[in-house]
Amino acid sequence: MKSLAGQDVLTAGQFKPSVCEQLFKEARAMRTLVDEHGSLDRLGSRVLINLFYEPSTRTSASFAAAMLRLGGKVFPINEIKTSSVAKGETLEDTIKTLEQYADVIVLRHPEAGSAQRAAAAADIPIINAGDGAGEHPTQALLDLFTIIEEKGGPDGLSITLLGDLKHGRTVHSLARLLSNYDVRLNLVSPKTLGLPKAVRDDLSVSVTEHDSLESALPDTDVLYVTRVQRERFAKKADYDKVKGSYVVSPESLVKAKDDLIVLHPLPRVDEIDARMDADPRAAYFREVRNGLYVRMALLALVLG
Ligand code: NCD
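Rules and cut-offs
Residues numbered from 1 in each chain as written. Predicted model: local features only at pLDDT ≥ 70, side-chain atom pairs only at ≥ 80, totals over all residues. Heavy atoms only, no water. Helix = DSSP H or I, 4+ residues; strand = E, 2+ residues; numbered from the N terminus. Polar contact = N/O pair within 3.5 Å; in protein donor to acceptor, adjacent residues only side chain to side chain. Contact = heavy atoms within 4.5 Å. Axes fitted to C-alpha atoms, helices over the stretch in contact; angles between N-to-C directions. Parallel < 35°, antiparallel > 145°, perpendicular 65-115°, else oblique. Left-handed = near helix turned anticlockwise from the far one by under 90°. Nonpolar A, V, L, I, M, F, W, Y, C, P; charged D, E, K, R; others polar. Domains from an automatic or database assignment. Buried area = accessible area lost by both parts, 1.4 Å probe. Salt bridge = Lys/Arg side-chain N within 4 Å of Asp/Glu carboxyl O. Pairing = 2+ DSSP bridges. Near = heavy atom within 4 Å. Areas by Shrake-Rupley, 256 points an atom, 1.4 Å probe, with all protein chains shown as cover.

**Q** Explain unusual backbone geometry to me, and be specific about the residues and the numbers.
**A** Each neighbour pair has its own omega, and for Leu 266 with Pro 267 the value is 10°, a cis peptide bond. Checked against the element boundaries, Pro 267 lands in the loop between β9 (261–263) and α10 (284–302). Relative to the assigned elements, Leu 266 resides in the loop between β9 and α10.

Set out below in structure tokens:
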């Protein structure tokens, strides 16, 4: 992909290092502009529809904030019960309708592959804001941006992915994105929640599986924590078996490097002890702020 203008954003696999570099340069410029001016008049005539079939706080709010700070307009649709979806309308028909009103659609949907389906139906850009247990490419972009801003770049780093690696779409996107760099990946998960083979097969970096966080920690520069994705379990009993099986706390990090950073796409349930928030190594709220700049940059480039 040469330029992001007019493109769909469907998978992290689209983002080669040169595209990330262009995006992150723009994100840094956005940070400066927001610090100096708060908002800009860059996308004044443009309209974004946030179409969310699943709950969201950060992703929907940060896309909305990004568009508003660029001077654009936002139209949220998340009460699916009151839309024609409740009458049985297909995703394709919903998309073909909404694109008549907007310049870009940000879509979150419970089915893997839904963003591709939407993009095939639409003439305007579709941004995948999470398709079931599939991917969440814009989260991975802000994760990578945070790793670069906090640690000076992913090259040479050892990155540990902890949690529900099976259902965690942010993990699927981040692992694919990091695979373009010189990193080592450590995987730590409950036995039943390992990284899917389809994602593993896409990775061309060194990958080591660990039984416990403790064994991965001495070689960890970035600890990426995720919650167990309760909504992806068919049976509550299966969720109950794994919930609470790992917790990152000041005690669990005793053997960690002093300059390790802890990331989390959020929301957290119980997998990061709230006492960690006061620890300067906890970078997850700085990561949230970076999401604003990265999504501003992405919208400016896609709609540019
Ligand atoms: C993630 C998601 O929706 O996949 N949240 C987010 O967008 N920051 C992670 C999660 O829900 O656990």
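The discussion continues.
**Q** Can you break down the side chain of His 264 residue by residue, with the values?
**A** Relative to the helices and strands, His 264 is located in the loop between β9 and α10. A distance of 2.7 Å separates a polar atom in the side chain of His 264 from the backbone nitrogen of Leu 266. Once residues within four sequence positions are removed from consideration, His 264 is found in contact with Val 225, Thr 226, Arg 227, Glu 271, Ile 272, Tyr 284 and Glu 287.

**Q** If you had to explain the packing of helix α3 (residues 91–98) against helix α4 (residues 114–121) to someone new, which residues and values would you point to?
**A** For the pair α3 and α4, the least separation of the axes is 9 Å and the interaxial angle reads 50°. Taken as axis vectors, α3 and α4 run oblique relative to one another. Crossing of α3 against α4: the hand is right-handed. Facing α3, whose interface residues are Leu 91, Glu 92, Ile 95 and Lys 96, α4 presents Ser 114, Arg 117, Ala 118 and Ala 121. Of the residues in the contact of α3 with α4, the class split is 4 nonpolar, 1 polar and 3 charged.

**Q** Give a description of the domain arrangement of the chain that names residues and reports values.
**A** One can read the domain layout of the chain as domain 1 (2–135 + 290–302) and domain 2 (137–288). Computed from C-alpha atoms alone, the centre-to-centre distance between domain 1 and domain 2 is 24 Å. Tallying the contact residues gives 33 residues for domain 1 and 25 residues for domain 2. The contact between domain 1 and domain 2 buries some 2,400 Å² in all, and 58% of this surface belongs to carbon and sulfur atoms. Sorting the residues of domain 1 by area buried against domain 2 places Arg 58, Glu 135 and Asn 290 first, and these three jointly supply 27% of that buried surface. Where domain 1 packs against domain 2, one counts 5 salt bridges. Residue Arg 176 pairs with Glu 135 through a salt bridge whose shortest N-O separation is 3.0 Å. At the surface where domain 1 touches domain 2, the tally comes to 18 residue pairs in polar contact (both at pLDDT 80 or more).

**Q** Please provide a residue-by-residue account of the sheet that holds strand β1 (residues 47–52), values included.
**A** Strand order in this open sheet of 4 strands is β2-β1-β3-β4, and the pairing throughout is parallel. Pairing within the sheet leaves two strands with one partner each, and these edge strands are β2 (73–77) and β4 (126–131). For this sheet, the mean angle separating the axes of adjacent strands, direction not counted, is 15°. Here 4 bridges tie strand β3 (residues 104–109) to β4, and the two strands are oriented parallel to one another. Across the sheet, the residue bridging to Leu 107 is Asn 128, located in β4.

**Q** Now, about the site of the ligand: what can you tell me, with residues and values included?
**A** The ligand sits among Thr 59, Arg 108, His 136, Gln 139, Arg 169, Thr 170, Arg 227, Gln 229, Pro 265, Leu 266 and Pro 267. Contact distances for the ligand include 3.0 Å between an oxygen atom and a side-chain N or O atom of Arg 108. One of the side-chain nitrogen or oxygen atoms of Gln 229 is found 2.8 Å away from an oxygen atom of the ligand. About the coverage of the ligand: the protein hides 95% of its 320 Å² of free accessible area. Across the shell around the ligand, the residue classes tally to 3 nonpolar, 5 polar and 3 charged.

**Q** Describe the sheet that holds strand β7 (residues 206–210), naming the residues involved and giving the relevant values.
**A** With parallel pairing, 5 strands are arranged side by side in an open sheet as β7-β6-β5-β8-β9. What marks the edges here is a single partner per strand, and that holds for β7 and β9. For this sheet, the mean inter-axis angle between neighbouring strands, taken without regard to orientation, is 20°. The sheet contact formed by strand β5 (residues 158–162) and strand β6 (residues 184–188) spans 5 bridges and is parallel. Note that in β6 the partner of Leu 162 across the bridge is Val 188.

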